[in-house]
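Below are the chains, spelled out letter by letter.
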Amino acid sequence: MVIGVLAVQGAFAEHEEILSLLGVEYIELRNGIDARKAFDGLILPGGESTTQGKLLRELDMFEPLREKISKDLPVLSTCAGLILLAEEISNDSARYFATLPVTVRRNAYGRQLGSFYTEEQFGNLGKVPMTFIRAPYIDSVGEGVEILAEVDQHIVGVRYRNQIGLSFHPELNENRKIHQMFLDSISPT
Ligand code: GLN
């Protein structure tokens, strides 16, 4: 199994570290050639969605990745990555891959609560650590979207077919259960 990690901006190195610790091979995706390579799963890291979206287009990565995602490539997205996947962004006119039927709100926690840490139930994994950094949350979900986690009545984790979307950063804590769950869901080609 090989995981492609989008590595144009943001917290990709932390995801790579977890993959290494779990003994999983990965490649960094930095340009259009990388984006067209074969890999069994994709990680979209946190960072700045506007910058990432711009770079994806400039580096000729947008179309090949969008096509892979819409053809059911398993994706784990965190924070800005979730924004890239969302069909709707309630407070921004930009749209990116738009393959995940949810409406997200960027920087939803405002300035005061820009960053915080909590532990909450995640699917059937029990409580997991959750680090939020100027995070989005999910305002509403479309049909077929499974809600995996909520914090203070806001949706912060979902799964839809091949796509997992998280508001928070699971790669910034020791707990590797979410990455393991993602990897377990992949059947290598
Ligand atoms: N605030 C960022 C955005 O809107 C996301 C923050 C993050 O990925 N930690 O793109």
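In case you missed it, the structure is sitting above this.
Okay, so let's go over this structure. Counting of residues starts from 1 at the beginning of each chain's written sequence and follows it residue by residue. With the structure being a predicted model, the display of local features is reserved for residues of pLDDT at least 70 and the display and counting of side-chain atom pairs for 80 or more, all residues being used for whole-chain, interface and lining totals. To obtain the side-chain values, all non-hydrogen atoms of the structure were used and water was disregarded.

1. Concerning unusual backbone geometry
Formally: Burial classes follow relative accessibility: with a 1.4 Å probe on protein chains only, a residue under 20% of its type's maximum area counts as buried, one over 50% as exposed, and anything between as partly exposed. We count a stretch as a helix when DSSP gives it H or I for four or more residues in a row; a strand needs E for two or more, and each element gets its number in order from the N terminus.
Within the chain, D72 stands out as a residue other than glycine whose phi angle is a positive 85°. Assessed through its relative accessible area of 38%, D72 is described here as partly exposed. Positive phi, close to 65°, is recorded for Q153, a residue that is not glycine. By the secondary structure assignment, Q153 is in the loop between strand 10 (146-151) and strand 11 (154-160). Its relative accessible area of 76% is what places Q153 among the exposed residues.

2. Quick notes on the side chain of R106
For the record, the criterion: Each polar contact in these results corresponds to two N or O atoms within 3.5 Å; when the atoms are within protein, one needs to be able to donate a hydrogen and the other to accept it, and residues that are neighboring in sequence are counted only if both atoms are side-chain atoms. Contacts are residue-level and defined by heavy atoms, with any inter-residue pair within 4.5 Å sufficient.
When you line up the elements, R106 lands in the loop between strand 6 (100-105) and strand 7 (115-121). On the basis of relative accessibility, which here comes to 13%, the residue R106 falls in the buried class. A distance of 3.0 Å separates a polar atom in the side chain of R106 from a polar atom in the side chain of E48. At 3.3 Å, the side chain of R106 forms a polar contact with the side chain of T50. Apart from the residues within four sequence positions on either side, R106 is in contact with E48, S49, T50, I83, I89, N91, D92 and P136.

3. Considerations on the site of the ligand
Put simply, the test is: Put simply, a residue is near a molecule or strand once any heavy atom of it comes within 4 Å of that molecule or strand. Accessibility throughout is a Shrake-Rupley quantity obtained with a 1.4 Å probe, and a residue counts as covered only by protein chains that appear here. Ten residues, namely Ala, Val, Leu, Ile, Met, Phe, Trp, Tyr, Cys and Pro, are considered nonpolar, four, namely Asp, Glu, Lys and Arg, are considered charged, and the remaining ones, Gly among them, are considered polar.
All residues in the neighbourhood of the ligand are listed as G46, G47, E48, S49, C79, A80, I83, R106, N107, I133, R134 and H169. Within the side chain of R106, an N or O atom sits 2.7 Å from an oxygen atom of the ligand. When isolated, the ligand has an accessible area of 300 Å², and the protein chains bury 97% of it. By residue class, the composition of the shell around the ligand is four nonpolar, five polar and three charged.

4. Some thoughts on the nonpolar core
Put simply, the test is: As used in this record, nonpolar core signifies buried Ala, Val, Leu, Ile, Met, Phe, Trp, Tyr and Cys residues forming a set joined through side-chain atoms within 4.5 Å.
One finds I3, F122, M130, F132 and V156 to be the most contacted residues of the largest nonpolar core, which totals 31 residues. Taken together, the elements giving at least two residues each to this core come down to strand 1 (2-6), helix 1 (12-21), strand 8 (127-133), strand 10, strand 12 (163-166) and helix 6 (177-184). Ranked by residues supplied to this core, first place goes to helix 6 with four residues. When neighbours within four sequence positions are excluded, V156 is seen to be in contact with Y109, M130, F132, Y137, A149, E150, V151, G165, L166, S167 and F168. Core analysis: the second largest hydrophobic core is formed by 30 residues, L73, I83, L84 and I89 among them.

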